[in-house]
Amino acid sequence: MRDQKLFIDGTWVPGHDTATVRSPYDDRAVGSYAVAGEQQVADAVHAARRAMEREWSPAARAAVLRKAERLLEERSAEFVEVLSAEAGKPVTAAAGEIVRARTTLGLSAEEATRLSGEFVPFEPGVGTDVLAVTVPVPVGVVAAITPFNFPLNLVLHKIGPALAAGCAVVLKPSERTPLTAGLLAELLAEAGVPAGRLNVVTGAPEQIVEIWADDPGVAVLTFTGSSAVGWALKARSPRKRHVLELGSNTALLADTGADLDAVVDAIVTGGFTFAGQACVSVQRVYAVAEVYDALLAKLVPAVEALVAGDPADERTVVGPVIGDGAVERLLGWIEKARVDGASVLTGGTASGRVVAPTVVADVSPQTDLVCGEAFGPVVTVQRVADLEAGIGQVNDSRFGLNTAIFTRDVGAALAFARRAEAGTVMVNVSPSFRGDHMPYGGVKDSGQGREGVRYAVQELVDHKLVLLAGQ
Ligand code: NAD
C-alpha cells in the first residue's frame, strides 16, 4: 500500500483529502493519493517558475536523467508491481513498459546535451559585419496531463523532454494510476532533479487542469488522453502552446498477396495486448476480397488462444479493462453492431472487467465499433473490393494516428504511404508499433504536435535569434 502525498517544490505534502486507488481486476485497494486544494494546485506552478530562475546546465540535466535511468533499472521490480496493480496491466507488459521508460530517460539525457542552435546567414545590406545565431530557450513551465494506460512511459515522454529542454513541470497523472507517477517523482528526486523542477499534483482532474489552463504562469499544456478532453483543453486556453496526443481507431489494410501470418501477428499483438487499451491498438481491419476468408480462418483461432484474466499471472495477455464504464461501453457497442447485422466470430462477453478477446466481422461502417474509439480487446474485420476501396475505408475516420498496410506490392505500399491520413504509416509493420525516439503524433481528431523525445524537445523550446553587428 502506497499512501502518496503531493510533490511540490521538492517536498511531499498532504492534500486536503485522500482518495483510494483500486485494482481494476479485483477492486482491492492498492494505495491512496492526496487530493490537492486549489491553492496547492497554484503553488505547484509558483514552485516551478521559481525553479526555472535557478541555473541548471544541460550537462547537469543529462547527468541526472542518466542517473534516473540507472535507478529505474535497479528498482524495476517495484515499478512493475505498482504499475500492474493500479492499471491492471499484465506483469509481462508492465515489465516491457519499464524497459521502454529507461530508453526514454536515456534519450532525454542525450537530447539535453544535443540542444543547439544554428548560424543564420544574412544578405548584404543588413550590416557588413553581422553574426546571427539561434539559441534554444526553454518555453517555461510545462503542465503535463497524462492517461492511465502507460502510467510510466507516457509520463516520461512529458517529463524527460521537458527537463532536457530546461523547462520545469507540473504533472497531473491519471487518477486511476497516480502511484506509478509518484514513484517516478521519488526516483527523479533521488537522481538529483532540483526542487521545483518537477511537481506532481493529484486530485480532482477538472479542477487541477482548469487552474493550470487559466494560469498565465503555465506556458505549455501537454496532454495525452481522449480527444474530447484534449480539444476542450485547447479551446479553454487558446493562447497557450499545446501538444495534444489523443485517441484513434487504428486501421490495418491487408492487400492482395499479404503475408497473412504477419497480418495475424500484427492484429493479435496490436489489438489485444493490455486489453486493447493503447491509442494505437488495432481496431479496424480491412482485407481485400482475395485474402478475407483466409485471414479470418487464421485470425479467429489465434485470438481464441490468448490467455485472458489475472494481470499478476505471467501468462496473461488480456487483463481487465480499466473500469465498469469501459465494460458497459464495449458490450453495448458489440451488441449494437450485432443488431445491425454484424457477426461476432469470437468473444463478445465479459467476466468481471475482463472482456473476452473479440473479433467482429461484417460490421456497418457507421456503427460505433468502427467509428468510435473502442479502447478494448475488440477488432472489427471488413471485406473491401480492392486497394482503392481499402484506402478509402482507412481514411473514412475522424481520427488519424498510426495506420498500416500489409502488401508485397511496392506500388500499393507507396500509394498507401502517400494517401493514408495518419501521423505514421507503416508498411508490413504493426500499426501499434512505437519506438520512443520516433516522431509520434496524430492528424485530424488524433491531435497536434509531436512526441518522441527529440521532437518533443523541439515543442518545448523557442529558437531565439541573436543578431550581432559591428559598430
Ligand atoms: P482521459 O481523457 O479520460 O484522461 C486523460 C487525462 O485527462 C487524465 O489525467 C484525466 O484525469 C484527465 N481528465 C479526464 N477528464 C478530464 C476533464 N474533464 N477535465 C480535465 N482533465 C480531465 O483518457 P484516459 O482514459 O486516461 O486514456 C485513454 C485515452 O487516451 C484514449 O483516448 C487513448 O487513445 C488516449 N491516448 C492517446 C495516446 C497518444 O499518444 N495519442 C497515448 C495514450 C492514450
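Refer to the structure printed above.
Report follows, based on the coordinates. Being a predicted model, the structure only gives us computed values, none of them experimental.

**Details of the state of the cysteines**
Part 1 of the argument: Counted according to the given criterion, the structure contains 0 disulfides.
Part 2 of the argument: Counting only cysteine sulfurs, C371 is the nearest neighbor of C279, a cysteine outside any disulfide, at a range of 19 Å.

**Examining the sheet that holds strand 13 (residues 284-288)**
Part 1 of the argument: Pairing in this open sheet of 7 strands is mixed, and the strands run 14-17-18-13-12-20-21 from one edge to the other. Of all strands in the sheet, those with a lone pairing partner are strand 14 (343-346) and strand 21 (424-427), marking the two edges. On average, each strand axis in the sheet is inclined to that of its neighbour by 20 degrees, with strand direction left out of account.
Part 2 of the argument: On top of the sheet, helix 14 (residues 410-419) reaches strand 12 (251-254), strand 20 (402-406) and strand 21; it is set at about 165 degrees to strand 20, its chief contact.

**So, the sheet that holds strand 4 (residues 17-22)**
Part 1 of the argument: Pairing is mixed across the open sheet formed by 3 strands, whose spatial order is 1-5-4. Taken across any chain shown, the strands that pair with only one partner, and hence form the sheet edges, are strand 1 (2-4) and strand 4. Between one strand axis and the next, the sheet turns by 20 degrees as a mean value, whatever way the strands run.
Part 2 of the argument: In this fold helix 6 (residues 178-191) packs onto strand 1, strand 4 and strand 5 (29-35), with an angle of close to 75 degrees to the strand it touches most, strand 1.

**What about unusual backbone geometry?**
Part 1 of the argument: Even without glycine at this site, A275 takes up a positive phi of about 55 degrees.
Part 2 of the argument: For A275, the location among the structural elements is in the loop between helix 9 (260-272) and strand 13.
Part 3 of the argument: In the Ramachandran plot, F375 falls in the positive-phi region, its phi being about 50 degrees despite a non-glycine side chain.
Part 4 of the argument: Locating F375 in the fold gives a position in the loop between helix 12 (368-371) and strand 18 (378-384).

**Some words on the site of the ligand**
Part 1 of the argument: Around the ligand sit 26 residues, and of these T146, E175, S226, L246 and E373 come closest.
Part 2 of the argument: Contacts to the ligand include T146, whose backbone N or O atom sits 2.7 Å from an oxygen atom.
Part 3 of the argument: Within the backbone of G225, a nitrogen or oxygen atom sits 3.4 Å from an oxygen atom of the ligand.
Part 4 of the argument: In isolation the ligand offers 840 Å² of accessible surface; the protein chains occlude 85% of this area.
Part 5 of the argument: Every element with two or more residues in the shell around the ligand is listed here: helix 7 (205-214) and strand 10 (218-224).
Part 6 of the argument: A class-by-class count of the residues in the shell around the ligand yields 14 nonpolar, 7 polar and 5 charged.

Cut-offs used in this document
Residues numbered from 1 in each chain as written. Predicted model: local features only at pLDDT ≥ 70, side-chain atom pairs only at ≥ 80, totals over all residues. Heavy atoms only, no water. Disulfide = S-S within 2.5 Å. Pairing = 2+ DSSP bridges. Helix = DSSP H or I, 4+ residues; strand = E, 2+ residues; numbered from the N terminus. Axes fitted to C-alpha atoms, helices over the stretch in contact; angles between N-to-C directions. Contact = heavy atoms within 4.5 Å. Near = heavy atom within 4 Å. Polar contact = N/O pair within 3.5 Å; in protein donor to acceptor, adjacent residues only side chain to side chain. Areas by Shrake-Rupley, 256 points an atom, 1.4 Å probe, with all protein chains shown as cover. Nonpolar A, V, L, I, M, F, W, Y, C, P; charged D, E, K, R; others polar.

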